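Read off the chains here:
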Amino acid sequence: MRTILTHREKEIFLLIKENYKTQQIASVLNISEKTVRNHIANVMNKLGANSRAYAMLELVKMKEIEL
């Protein structure tokens, strides 16, 4: 099965699913907040999404992320 997410993108969206904020994600993954925002923006661009919530919905529909 082909995935559209990189390993890091999936890590980030799994944390978003758990209601982590950008700063918390950066801390957990030991990366900068800017890097977190860049990964989120990359996923949103891949999906044509205009919000994190819509991106998450699409990822669930595509079975990239499970709720």
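For the structure, check the block above.
Rules of the game
- Residues numbered from 1 in each chain as written.
- Predicted model: local features only at pLDDT ≥ 70, side-chain atom pairs only at ≥ 80, totals over all residues.
- Heavy atoms only, no water.
- Axes fitted to C-alpha atoms, helices over the stretch in contact; angles between N-to-C directions.
- Helix = DSSP H or I, 4+ residues; strand = E, 2+ residues; numbered from the N terminus.
- Parallel < 35°, antiparallel > 145°, perpendicular 65-115°, else oblique.
- Contact = heavy atoms within 4.5 Å.
- Nonpolar A, V, L, I, M, F, W, Y, C, P; charged D, E, K, R; others polar.
- Core = buried A, V, L, I, M, F, W, Y, C linked by side-chain atoms within 4.5 Å.
- Buried < 20%, exposed > 50% of the residue type's maximum accessible area, 1.4 Å probe, protein only.

Student: Kindly report on the packing of helix 1 (residues 7-17) against helix 3 (residues 33-47), identifying the contributing residues and their values.
Tutor: Where helix 1 meets helix 3, the closest approach of the two axes is 10 Å, and the angle between their N-to-C directions is 95 degrees. Put simply, helix 1 runs roughly perpendicular to helix 3. On helix 3, the residues that touch R8, E9, I12, F13 and I16 of helix 1 are V36, H39, I40, N42, V43 and K46. Its residues assigned to classes, the contact of helix 1 with helix 3 comprises six nonpolar, two polar and three charged.

Student: Before we move on, could you go through the nonpolar core and cite the residues and values that matter?
Tutor: Of all hydrophobic cores here, the largest spans 19 residues; its most connected members are I12, F13, I16, I25, V36, I40 and L59. When residues of this core are traced back to their parent elements, those giving at least two are helix 1, helix 2 (22-29), helix 3 and helix 4 (52-61). The dominant element in this core, judged by the number of residues it contributes, is helix 3, at five residues. If we ignore the near neighbours within four places in the chain, the residues touching V36 are I12, T22, I25, A26 and I31.

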